[in-house]
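The lines below spell out each chain.
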Amino acid sequence: MKLQAVLFDLDGVITDTAEYHYLAWKQMADHIEIDIDREFNETLKGISRMESLERILIHGKRERDFSGEQREALAKEKNDHYVSLLTHLSPENTYPGILELLEQLNQVHIPVVLTSASKNAPQILKSLELEDKFQYIVNPDGITGKPAPDIFLKGAQAVSADPKYCIGIEDAQAGIEAIKAAGMYAVGIGEERLLSIAGADIVYDSTAKLDLYSLINAASLAS
Ligand code: B16
Ligand code: MG
């Protein structure tokens, strides 16, 4: 098999924390009288906390109204709320097909890497009881965020994999762009139209449709 590693996004691929991010941002935005909806939220997926806040302020034409210190306080307000929502997470919240795919990869000794922009990712994997399925978790601190390829390149490098023999799985347009910029095969989870525009090689509307051997064939990474 030519496949050398599979790199997973977290929010929107492994579990539905994307919904919790939305609820927490929405409450913070309401506080400062900025209206955001689910369509706008699509543009925040895969984007770091501070960059997401910046996009919300620009969306509400209030980017000049808050100092650095106030921005930190707003980001903390959102994160505290988000973390409180995470206390509900348990293994039942893992999306269908994900545990099976991770176990299959572990069995055939293909490294599994987490390439999430979230600083809360280790805690989420713990709540889902999935930490031991991953060979490496990239720490997003200090790494240029998606759509830059850096987080995926770092993940491949950490397990000594050549990017052209790697598969990345993402639900966000910025994430798909990052995978393609890293030179990997990009699997999108979600809306075909949006993710194809971003460059996805294949799109599934549900993680239940992910299957290791179909992926290997689609990516032409069988030996
Ligand atoms: P945190 P992913 C991303 O995770 C989310 O999609 C994005 O909405 C969030 O702002 C970002 O993580 C940072 O998360 O505030 O928890 O550090 O999709 O890359 O797994
Ligand atoms: Mg995501």
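In this numbering scheme, every chain counts its residues from 1 along its sequence in written order. Each chain is given a letter, starting from A, and each ligand a number, starting from 1, according to the order in which they appear as written. Given that this is a predicted model, residues contribute local features only at a pLDDT of at least 70 and side-chain atom pairs are listed and counted only at 80 or more, while totals for whole chains, interfaces and linings are drawn from all residues. Remark: hydrogens and water are excluded; side-chain values derive from all non-hydrogen atoms of the structure.

Visitor: Mind showing me how you'd approach the sheet that holds strand β2 (residues 112–114) here?
Guide: By way of backbone hydrogen bonds, the strands of a sheet pair with one another, either parallel or antiparallel. With respect to topology, 6 strands assemble into an open sheet ordered β3-β2-β1-β4-β5-β6, the strand pairing being parallel. Since the sheet does not close on itself, it has two edges, and those belong to β3 (136–137) and β6 (202–204), each with one partner. Two strands make a pair as long as DSSP finds a minimum of two bridges between them. Secondary structure counts use DSSP, requiring at least four H or I residues in a row for a helix and at least two E residues in a row for a strand, with both numbered from the N terminus. Where strand β1 (residues 5–8) and strand β4 (residues 166–170) come together, 4 bridges link them in parallel fashion. Across the sheet, the residue bridging to V6 is I167, located in β4. Throughout, a residue-residue contact means that at least one pair of heavy atoms, one from each residue, lies within 4.5 Å. To obtain each axis, a line is fitted to C-alpha atoms, and for helices this fit is confined to the stretch in contact; angles are then taken between N-to-C directions over 0 to 180 degrees. The strands that helix α5 (residues 98–107) touches are β1, β2 and β4; relative to β1, the one it contacts most, it runs at about 150°.

Visitor: What am I meant to see in the layout of surface pockets here?
Guide: One water molecule sets the probe size; rolling that probe over the atoms shows where empty space is left. Points on a 1 Å grid over protein atoms alone make up a cavity when a 1.4 Å probe fits among them but cannot get out, and a pocket when they form an open set with protein on both sides within 12 Å along at least five of seven lines; lining residues each have an atom within 4 Å of a point. Grid points are joined across faces, edges and corners, and a volume is the space filled by probe spheres set on the points. Estimated volume of the largest pocket: approximately 540 Å³. Contributing to the lining of the largest pocket are 32 residues, with G46, I47, S48, R49 and A117 lying nearest its centre. Sorting elements by how many residues they give to the lining of the largest pocket places helix α3 (residues 49–59) first, with 5 residues. Only Asp, Glu, Lys and Arg are considered charged in this grouping, and only Ala, Val, Leu, Ile, Met, Phe, Trp, Tyr, Cys and Pro are considered nonpolar; every other residue, Gly among them, is considered polar. Classifying every residue of the lining of the largest pocket gives 11 nonpolar, 11 polar and 10 charged. In this structure, the lining of the largest pocket is formed jointly by two domains, domain 1 (5–15 + 92–222) and domain 2 (18–88), each of which donates at least three residues. In this structure, the second largest pocket encloses a volume near 330 Å³. Taken together, 19 residues line the second largest pocket, and the ones lying closest to its centre are E42, K45, D171, I189 and G190. Of all the secondary-structure elements, those providing two or more residues to the lining of the second largest pocket are α2 (38–42) and α9 (192–198). Here the bounds of each domain stem from an automatic or database domain assignment.

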